[in-house]
Every structure is written in C-alpha cells, then in structure tokens.
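This is what each chain is made of:
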Amino acid sequence: MTFEKKITYLLFYLITTFFVSSEGQAQDADWHETLRYLQYSPRYFGPNAFPLPELRSGRLGTRWEAELKGEHHEYEGDRTKDVYTRLFIPVAEGRAGLEISCVIYEYYTMTEETVIERHAAGRYWDAGAHGDVIISSFYQLLKSERWTDIMLEASLKTASGSRLADARYTDAATYWFNLNIGRYLYKIPNHSSYLRIQGFAGFYCWMTNDIIHRQNDAILYSAGISGAHENFTVDVDVAGFYGYKNNGDRPLQLRIKLNYEYRNNILSFRYKHGMKDCLYDCFSLAYMRCF
C-alpha cells in the first residue's frame, strides 16, 4: 500500500469517527437521569477527556509525521488503556502546519467508588470507547536562533468521543490557543547537541452541562527544558490549566519524553505524573514515521 493510500485511509477513519455518534449510550436506562449530575472537569472524567497540548519548543517541523501510540493510565480508582494516532502535515516549508489526532480505542475499568463519585452509568463498557478528534493548526510567527522562536497554536476538540454516560468523554466542544516560545541555551553548529528552554501560555475553554454557566474558561500554561545528543532527545516540562470554577478544573502534569531517532523512524517513551486535579499517572510507548 502506498503512503498516499495510507494517509487517505487514516483521514477517512478520523472523519468517519467524527460523524459517528456514541454507541451504547442509548442503552443506558438511567443515562439521562445521570447526565445532569456530571461534573465537567478533569478530576471527574477519564484521562483523555481534557487533553493538555504538547509543548513544541516554539518551532514547527518540516517533515510529515505519522504516529501510533499505546498508553496506560492509572490511579487507585481507574485503570485505562488506549491506542492513539496522530498525523502532522507541514505547510509552506514549515511556516505553518496542520495536525489531526484521535484516541481510536480506549478500554477502562473503574472502581465502584469512582463510579459513584463521577455519577457514571457503570464500571466499564465491553466494547470500550473511542475518543474525540482534535484538529490543530500551527503558525510560525518568529524563527531566530539568535533570539527566540515563537509559534501560535489554535486547536479544536470535537464532540465525537463516546461513553459520556461513563464520564469518559464530554460530548462537547473544546478549544484552546497558545503561544509556544523556545530559545537555545547551548548548541553546536550541526545541532546534534543542544539545550533549549521553552514554554507556552494561552487560553483553554470547554462547554459544560451547567445551564447558567455554559462554558468554563481557563489559563493554559507550560514551562520546560529540552536537550539532544546525537540520536537522542529528552523533554521535561510541567503543564496545566487553571479554570475559574474550581470544581476539579485545575489539573497539573509533570511530563517526561525520551525519543530515539534512526533513519526517520522515532521510538518514543513518555511518562506523565498527575498532580492536583489530574489524578492519573501515564506510561506510553509510541512509534513515529517521518517523511
């Protein structure tokens, strides 16, 4: 199968997922009664319902990237496994970019205590769940090795995820904007070794089931450092957002990512430690192919 056909099939799957409604929700007899009690915040939903954007160092890549990732999330009340896909398409030689991503399958098991706390319909769903499609656009505003790199991100999370009845996905739109900024602290001329400081700041907004306050607004932030030597890169950052309702809407994560690249193939190991209203620790292993 050619690369173009693979991309076509991937885009077809993501678009189809966007328009397919959540299976099984109509089969939950008490779903409509439960819905009004759900708390639309990271603390009371599954680990993929409120995604935190990646810290991208202020620079856009110039290569196509196709990623497949397996993740394991857990805390004492919930164990979740999922499969995630992502496609990044550079535009205008790296001056802009488009990205489409989605959790294509999620399997979860919650304790009875978590079900009660979240007002969920059940502990698990035999068919699992699928996640929201996220569409992101990027624009390189400034690129200077001497000064700094600045990139704008604008993202939309669609309402295409399933199992709202189990508080896995919100079935509501979310969007965010941020400015990514990065600067070299040290590098050698061929960029095989470097050290960078980076961060982003922006705005995060999602729709809720509150009939008075229909949306929650949050300040989005991250700060970190990245380094590289030969084929290895490592990124460490702290990221989160700060919602105004204070109803479990202030998650914080420590994120560590280690990549090894060989001939346009990247193997990536990641660890995320949840703090405050982010309850989960996450381990993941990803394969990326660059073109």
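Residues numbered from 1 in each chain as written. Predicted model: local features only at pLDDT ≥ 70, side-chain atom pairs only at ≥ 80, totals over all residues. Heavy atoms only, no water.

Trainee: Explanation requested: the nonpolar core in the structure shown.
Mentor: Side chains that are nonpolar tend, in soluble globular proteins, to be buried together. Formed by 19 residues in total, the largest nonpolar core has its most connected members in Y40, F45, F50, Y204, W206, L220 and F241. Listing elements by their share of this core, those giving two or more residues are strand 7 (193-207), strand 8 (215-229) and strand 9 (232-243). For this core, the element with the most residues is strand 7, which contributes three residues. V103, Y108, A120 and Y169 belong to the second-largest nonpolar core, a separate cluster that totals eight residues. (Core = buried A, V, L, I, M, F, W, Y, C linked by side-chain atoms within 4.5 Å. Buried < 20%, exposed > 50% of the residue type's maximum accessible area, 1.4 Å probe, protein only. Helix = DSSP H or I, 4+ residues; strand = E, 2+ residues; numbered from the N terminus.)

Trainee: Please explain unusual backbone geometry as it appears in this structure.
Mentor: One can expect most non-glycine residues to show negative phi and most peptide bonds to be in trans. The phi dihedral of H119 is positive, around 60 degrees, even though this residue is not glycine. Classification of H119 as partly exposed rests on a relative accessible area of 35%. One non-glycine residue, E230, adopts positive backbone phi at about 55 degrees. Within the element layout of this structure, E230 appears in the loop between strand 8 and strand 9.

Trainee: Can you help me understand the pairing of strand 10 (residues 251-262) in this one?
Mentor: Examined bridge by bridge, strand 9 and strand 10 share nine bridges and lie antiparallel to one another. Of the residues in strand 10, the one forming a bridge with A239 is Q253. Pairing between strand 10 and strand 11 (residues 265-276): 12 bridges, direction antiparallel. Bridging across to strand 11, P251 finds its partner in K276. Taking the residues that link successive antiparallel strands as the turn, the strand 10-strand 11 hairpin has two residues, and the phi of R263 there is positive, at about 50 degrees. (Pairing = 2+ DSSP bridges.)

Trainee: How should the packing of aromatic side chains be read in this particular structure?
Mentor: Any two aromatic rings considered together are summarised by their centre-to-centre distance and by the angle between their planes. On inspection of all chains with the given rule, the structure shows 14 aromatic pairs. Aromatic pair Y175 and F203: ring centres 6.2 Å apart, planes at 50 degrees, arrangement tilted. One end of the pair, Y175, is in strand 6 (residues 174-187); the other, F203, is in strand 7, with 28 residues separating them in the sequence. Using a relative accessible area of 32% as the deciding quantity, one classes F203 as partly exposed. For the ring pair Y204 and F241, a centre distance of 4.3 Å and an interplane angle of 15 degrees mean the geometry is stacked. With Y204 in strand 7 and F241 in strand 9, the pair connects residues that are 37 residues apart, well separated along the chain. Given the relative accessible area of 0%, F241 is considered buried. Here the aromatic cluster, defined as three or more aromatic residues joined through ring pairs, consists of Y40, F45, F50, W176, Y204, W206 and F241. Sitting over the face of the ring of Y84, K69 holds its NZ or CZ atom 4.4 Å from the ring centroid. Sitting over the face of the ring of W125, R163 holds its NZ or CZ atom 3.7 Å from the ring centroid. (Phe/Tyr/Trp six-rings, centres within 6.5 Å; stacked < 30°, edge-to-face > 60°. Lys NZ or Arg CZ within 6 Å of the ring centre and 35° of its normal.)

Trainee: In this structure, what is going on with the pairing of strand 4 (residues 133-143)? I would like to understand it.
Mentor: Consecutive side chains of a regular strand alternate in pointing toward one face of the sheet and then the other. Bridge analysis of strand 3 (residues 96-110) against strand 4 gives seven bridges, and the strand direction is antiparallel. Its bridge partner lying in strand 4, I100 is registered against I135. Where strand 4 meets strand 5 (residues 149-157), nine bridges bridge the pair, whose relative direction is antiparallel. Considered in strand 5, the bridge of S137 is made with A154. Here strand 4 folds back onto strand 5, and the loop between the two strands holds five residues.

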